[in-house]
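Here is how the chains run, residue by residue.
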Amino acid sequence: MNRAIHQIQRTGLVVDRDGDEQPAFPVSMSAEEGQEMGEVLDQMGARRTLEVGLAYGMSTLHICEAIRDKPDARHIAIDPFQTTEFDGIGLLNLERARLRHLLDFYEEPSHERLPKLLSARVELDFALIDGAHLFDCAFVDFFYVDKILRPGGVVCMDDT
Ligand SMILES: C[S@@+](CC[C@H](N)C(=O)[O-])C[C@H]1O[C@@H](n2cnc3c(N)ncnc32)[C@H](O)[C@@H]1O
């Protein structure tokens, strides 16, 4: 397991640039969820992935760790509140884990970024929807993700 993931799971804490700690859970997905998602990504041989909802980067770490050795692997993450609500800790955790180079991050709402990805003809193997947990937001996320996924691609919706 990646050391950064292990550290967060062991302590239950994330650390900002100044060394201040914050609880990682329940915002972040659990170890079991992350492991299961990683197994799905492995089985699929996924290399083009996306998530809505970066937060402290726990799901991002699991996804990037699973795709890191695939040719041309890229992960897209969308979250409008990384700076304002999460002190940039998600991106910092990706840097600490040496996985930041795999990530294209967009600090904007998913309903603004997903249509642009569709227009750009992005094609994905896998998407995690874990952004705003309101029906209309999750529904719009699914609407666009469904169009961006390749045939046979997999979508995972938190909290299922
Ligand atoms: C439950 S947290 C994500 C947890 C993360 N997936 C993990 O397991 O480590 C939900 C995230 O959705 C983000 N979010 C809220 N509204 C959003 C929107 N309109 N578009 C994209 N992300 C949004 C929040 O800023 C927050 O980081």
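For the structure, check the block above.
No experiment lies behind these values; they were computed from the predicted model shown.

Cut-offs and rules
- Residues numbered from 1 in each chain as written.
- Predicted model: local features only at pLDDT ≥ 70, side-chain atom pairs only at ≥ 80, totals over all residues.
- Heavy atoms only, no water.
- Near = heavy atom within 4 Å.
- Polar contact = N/O pair within 3.5 Å; in protein donor to acceptor, adjacent residues only side chain to side chain.
- Areas by Shrake-Rupley, 256 points an atom, 1.4 Å probe, with all protein chains shown as cover.
- Helix = DSSP H or I, 4+ residues; strand = E, 2+ residues; numbered from the N terminus.
- Nonpolar A, V, L, I, M, F, W, Y, C, P; charged D, E, K, R; others polar.
- Salt bridge = Lys/Arg side-chain N within 4 Å of Asp/Glu carboxyl O.
- Buried < 20%, exposed > 50% of the residue type's maximum accessible area, 1.4 Å probe, protein only.
- Axes fitted to C-alpha atoms, helices over the stretch in contact; angles between N-to-C directions.
- Parallel < 35°, antiparallel > 145°, perpendicular 65-115°, else oblique.
- Left-handed = near helix turned anticlockwise from the far one by under 90°.
- Contact = heavy atoms within 4.5 Å.

> Mind laying out the site of the ligand, listing which residues take part and the relevant values?
Residues in contact with the ligand amount to 20 residues; listed here are only the nearest, Met-29, Gly-53, Ser-59, Asp-79 and Asp-130. Between Met-29 and the ligand, the recorded distance is 2.9 Å, taken from a backbone N or O atom to an oxygen atom. One of the side-chain N or O atoms of Asp-130 is found 2.8 Å from a nitrogen atom in the ligand. In the complex, the protein chains occlude 88% of the 600 Å² of accessible area that the ligand would expose alone. Of all elements in the fold, only strand 3 (48-52) and helix 3 (58-67) reach the threshold of two or more residues within the shell around the ligand. Residue composition of the shell around the ligand, grouped by class: 12 nonpolar, 5 polar and 3 charged.

> Give me the lowdown on the pattern of salt bridges, citing residues and values where you can.
For the coordinates displayed, the defined rule picks out 6 salt bridges. A salt bridge links Glu-95 to Arg-17; the nearest nitrogen and oxygen atoms lie 3.8 Å apart. With a gap of 78 residues between them, Glu-95 in helix 4 (residues 89-96) and Arg-17 in the loop between strand 1 (13-15) and strand 2 (21-23) connect regions that are remote in the sequence. Glu-95 sits in the partly exposed class, given a relative accessible area of 39%. Note that Asp-125 is salt-bridged to Arg-150, the shortest N-O span being 2.7 Å. Pair noted here: Asp-125 is in strand 6 (residues 124-129) and Arg-150 is in strand 7 (residues 149-157), with a separation of 25 residues, a long-range link.

> Hey, could you go over the packing of helix 2 (residues 31-44) against helix 3 for me, with residue numbers and the actual values?
Where helix 2 contacts helix 3, the two axes come as close as 9 Å, and the packing angle between them is 30°. Comparing the axis directions of helix 2 and helix 3 gives the class roughly parallel. The chirality of how helix 2 crosses helix 3 is right-handed. Taken together, the residues of helix 3 that come into contact with helix 2 (itself represented by Gly-34, Gln-35, Met-37, Gly-38, Leu-41 and Asp-42) are Ser-59, His-62, Ile-63 and Ala-66. Looking at the contact of helix 2 with helix 3 residue by residue, the classes come out as 4 nonpolar, 5 polar and 1 charged.

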